[in-house]
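# Summary of structural features
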Amino acid sequence: MSVPNQFYEYVDQHKSDFIDRLAKAVAIPSVSGDASYREHVFEMSRFIVKELEALGVKVRTVDLGKQVLDGQEIQLPPAILGSIGDDPKKKTIQLYAHYDVQPALLSDGWDHEPFKLTHDEKTGRLYGRGSSDDKGPLLGWINVLETHVKLGLELPVNLRFCFEGMEESGSEGLDDLIKDEVGPGKFFDGVDCVCISDNYWLNDRTPCLTYGLRGISYYKVTISGPARDLHSGVFGNTVHEPMTDLILLMSRLVKPNGEILIPGLEQLVAPLTDEEKQRYDVLDYSISDIEQSAGAPVALSEDKSAVLMGRMRYPSLSLHGIEGAFSAPGAKTVIPAKVSGKFSIRLVPNMTPDNVDPLVITYLKAEFAKLNSKNKLEVENLHGGKPWVADPNHWNYVAAKKATETVYKKTPDLTREGGSIPVTLTFAEALGVNVLLLPMGRGDDGAHSTNEKLDVSNYIEGTKLLGTYLWEVAATAPK
Ligand SMILES: [Zn+2]
């Protein structure tokens, strides 16, 4: 069973209709993190429901309750659950995307109005907030559906949709919904695999499939002593200074070369296999790619695989800031009475916040004791999330790989990402099936940034990729 040619022809012929669809979606400023935009997030949910229903999808919107935002209690945007096809002989794929976006103002430095899709014909780019993250991919699925319906083509799989409007604001309410809908007769019953399109290629050249994400543990270390801020002319070399203690402690967490100094952490990291090492060696990536995205020649190593593994499969510890320290211009001679250092550790299998926390806290206490300071130490975990890794040899990935090769004539990079998309882990744990991250956009799309864009070719070829993937699942998955 392979993709009928008319599928590709239809997508090519309807390129401008598909771009219009994206323009309509981008024009709705569905910013989830700002209460004054909430009505637009709802408007966006109605837009999607209408599109899905017009294509024969059974849709249910789920009220996720209320939240407090900007000091007011407001309604959360609904989760959109859709379903089409119930053939027990077909595989059932669960799709996820989000319809909310990050904030954007022209005055932030955009070259075009952020909520008006601007097609730059010369570069072939579509500029607009949400074009790449995540309205383009979400509409890619709708384009695929439209193509099948209009051509009278039977879908090769059963589809389930889960689209949310709070992803950019912590996916509030979604975890509980997913867990509630697992079980016989529930929405997620019978799902064989999950496909999430909400990330990016590693670069701007080679498509990728993503099979891992790092987790995080975020810490706040507070040192306090004096009852109030003091003057260094009066109290310097007279009292234990919280800032001196804190700087020493923070300097004992990580070396300038990235090596983490907390004992026991390294032992938690899953060992590297030859097969996995190979995957980094063949990735289409160079040190200049990383230095270009960092904006300076500051990579930790000249060894490509080492740098990629540092980001994708090993933990990292980053120092973020010091709360309570003097940070204004000028030369104030204050001794701060209480300072809090902030740092986080990106976690990889088999690290979890639960097994990392005790190691971090014990180490900080032991190092603090060595200072013989009369100040007080307090360590808190501000938030945490587990890492996720899927089996990239699973048929779900094999199908996505074949689809990429068909559409892009290239073997996709197999990547893991340094950051987190928490819903991935929720799906993997609650449904107990393989989860695939199948991105549409490129690494330089500028999601969350000014001048976010999606290349027309990524939108159109990406639509073909999503459609081809469904056919490849039908062909590849064991019956
Ligand atoms: Zn996103």
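Residues numbered from 1 in each chain as written. Predicted model: local features only at pLDDT ≥ 70, side-chain atom pairs only at ≥ 80, totals over all residues. Heavy atoms only, no water.

Let us now look at the coordination of the zinc ion. In an ideal tetrahedron of four donors about a metal, each angle is 109.5 degrees. In an ideal octahedron of six donors, the angles are 90 or 180 degrees. In this structure, His 98 (NE2), Asp 133 (OD) and Asp 198 (OD) serve as the protein donors to the zinc ion, at separations of 1.9 to 2.1 Å. As a motif over one chain, the donors of the zinc ion read H-x34-D-x64-D. With His 98 in strand E5 (residues 92-98) and Asp 198 in the loop between strand E9 (193-196) and strand E10 (208-213), the pair connects residues that are 100 residues apart, well separated along the chain. His 98 gets classed as buried once you look at its relative accessible area, which sits at 0%. (Donors = N, O, S within 2.8 Å, 3.2 Å for Na, K, Ca; no water. Helix = DSSP H or I, 4+ residues; strand = E, 2+ residues; numbered from the N terminus. Buried < 20%, exposed > 50% of the residue type's maximum accessible area, 1.4 Å probe, protein only.)

This brings us to the sheet that holds strand E20 (residues 453-455). The strands making up a sheet are joined through hydrogen bonds of the backbone, oriented either antiparallel or parallel. Ordered by their spatial adjacency, three strands build an open sheet running E6-E7-E20, and the pairing between neighbours is antiparallel. Of all the strands in the sheet, the pair left with one neighbour each is strand E6 (118-120) and E20. Taking each pair of neighbouring strands and ignoring which way they run, the sheet shows an average axis angle of 25°. Where E6 lies against strand E7 (residues 125-127), three bridges are found, and the strand directions are antiparallel. (Pairing = 2+ DSSP bridges. Axes fitted to C-alpha atoms, helices over the stretch in contact; angles between N-to-C directions.)

Of all the seven residues making up E5, seven are buried; the element is thus mostly covered by neighbouring parts of the structure. Of the two faces of E5, the one carrying Thr 92, Gln 94, Tyr 96 and His 98 and the one carrying Ile 93, Leu 95 and Ala 97 are both buried. Sheet analysis places E5 next to strand E8 (residues 158-164), joined by seven bridges and oriented parallel. Among the inter-strand pairings, Tyr 96 is bridged to a residue of E8, identified as Cys 162. Summarising the sheet, E5 and E9 pair through four bridges and their orientation is parallel. Its bridge partner being in E9, Gln 94 is matched across the sheet by Val 194.

Moving on to the pattern of salt bridges. Evaluated as defined, the whole model comprises 27 salt bridges. Two residues, Glu 461 and Lys 464, come together in a salt bridge whose shortest N-O distance is 3.1 Å. Here Glu 461 pairs with Lys 464, and both are found in helix H15 (residues 456-476), just three residues apart, close to one helical turn. Put simply, Arg 125, Arg 442, Asp 444, Asp 445, Lys 453 and Asp 455 are held in one network by salt bridges that share partners. (Salt bridge = Lys/Arg side-chain N within 4 Å of Asp/Glu carboxyl O.)

Attention now goes to the UniProt feature "binding site: substrate" (unreviewed entry) in the protein. If you check UniProt for "binding site: substrate" (unreviewed entry), the listed places come out as Asp 198, His 231, Thr 333, Arg 346, Ser 420 and His 448 in our numbering. Spatially, the listed residues are scattered: they cover 251 residues, and their C-alpha atoms lie as much as 51.2 Å apart. With respect to the helices, strands and loops of the structure, Thr 333 is situated in the loop between strand E13 (316-323) and strand E14 (334-335). On the basis of relative accessible area, Thr 333 is assigned to the partly exposed category, the value being 41%. Those residues in contact with Thr 333 that sit more than four places away from it in its chain are Leu 230, His 231 and Ser 232. With respect to the helices, strands and loops of the structure, Ser 420 is situated in the loop between strand E18 (413-417) and helix H14 (422-431). We classify Ser 420 as partly exposed; its relative accessible area is 39%. For Ser 420, the residues in contact, after removing those within four places along its chain, are Leu 213, Arg 214 and Arg 346. (UniProt positions renumbered as here; feature names shortened; annotations may be inferred. Contact = heavy atoms within 4.5 Å.)

One can describe the packing of helix H3 (residues 38-54) onto helix H4 (residues 131-151) by two numbers: an axis separation of 10 Å at closest approach and a directional angle of 20°. Taken together, the axes of H3 and H4 are roughly parallel relative to one another. Both H3 and H4 take part in a crossing whose hand is left-handed. Between H3 and H4, the residues in contact are Met 44, Phe 47, Ile 48, Glu 51 and Leu 52 and Lys 135, Leu 138, Leu 139, Ile 142 and Leu 145, respectively. Of the residues contributing to the contact of H3 with H4, the split by class is eight nonpolar, no polar and two charged. (Parallel < 35°, antiparallel > 145°, perpendicular 65-115°, else oblique. Left-handed = near helix turned anticlockwise from the far one by under 90°. Nonpolar A, V, L, I, M, F, W, Y, C, P; charged D, E, K, R; others polar.)

Here we take up the domain arrangement of the protein. Looking at the protein, the domain boundaries give domain 1 (5-213 + 387-476) and domain 2 (215-269 + 314-385). Computed over C-alpha atoms, the centres of domain 1 and domain 2 are 39 Å apart. Across the contact, seven residues belong to domain 1 and seven residues belong to domain 2. Between domain 1 and domain 2, roughly 490 Å² of surface is buried when both sides are summed, and carbon and sulfur atoms account for 61% of that area. For the pair domain 1 and domain 2, the interface holds zero salt bridges. (Domains from an automatic or database assignment. Buried area = accessible area lost by both parts, 1.4 Å probe.)

Our next topic: the UniProt feature "binding site: Mn(2+) 1" (unreviewed entry) in the protein. The UniProt feature table records "binding site: Mn(2+) 1" (unreviewed entry) at Asp 133, Glu 168 and His 448. These annotated residues cover 316 residues of sequence, but their C-alpha atoms sit close together, with the largest distance between any two at 9.7 Å. Structurally, the position occupied by Asp 133 is in helix H4. Within polar-contact distance, the side chain of Asp 133 engages the side chain of His 448 at 3.1 Å. Following the sequence through the fold, His 448 ends up in the loop between strand E19 (434-437) and E20. (Polar contact = N/O pair within 3.5 Å; in protein donor to acceptor, adjacent residues only side chain to side chain.)

The geometry of helix H9 (residues 274-281) relative to helix H11 (residues 304-312) is characterised by a closest axis approach of 9 Å and an angle of 110° between their N-to-C directions. It follows that H9 is roughly perpendicular to H11 by the angle criterion. Along this stretch, H9 crosses H11, giving a crossing that reads as right-handed. For the pair H9 and H11, the contacting residues are Lys 277, Tyr 280 and Asp 281 in the first and Lys 304, Ser 305, Leu 308, Met 309 and Met 312 in the second.

Take the side chain of Asp 245 next. Tracing the chain through its elements places Asp 245 in helix H7 (residues 242-251). Buried within the structure, Asp 245 lacks any salt-bridge partner; its nearest side chain of opposite charge belongs to Arg 252, at an N-O separation of 9.5 Å. Engagement of the side chain of Asp 245 in a polar contact is seen with the side chain of Ser 373, the distance being 2.5 Å. The residues contacting Asp 245, other than those within four sequence positions of it, are Ile 223, Phe 368, Leu 371, Ser 373 and Asn 375. (Lys, Arg positive; Asp, Glu negative; His and termini not counted.)

This part takes up the packing of aromatic side chains. In the structure shown here, the tally under the stated rule is seven aromatic pairs. Here Phe 7 and Tyr 8 contribute two aromatic rings whose centre-to-centre distance is 5.4 Å and whose plane-to-plane angle is 75°, an arrangement assigned as edge-to-face. Ring geometry for Tyr 96 against Phe 427: centres 6.0 Å apart, planes inclined by 70°, an arrangement best described as edge-to-face. Linking Tyr 96 in strand E5 with Phe 427 in helix H14, this pair joins segments that are 331 residues apart in sequence. The pair Tyr 96 / Phe 427 is uniform in exposure class, with both members buried. Following the ring pairs from residue to residue traces out a cluster consisting of Tyr 96, Phe 187, Phe 188 and Phe 427. (Phe/Tyr/Trp six-rings, centres within 6.5 Å; stacked < 30°, edge-to-face > 60°.)

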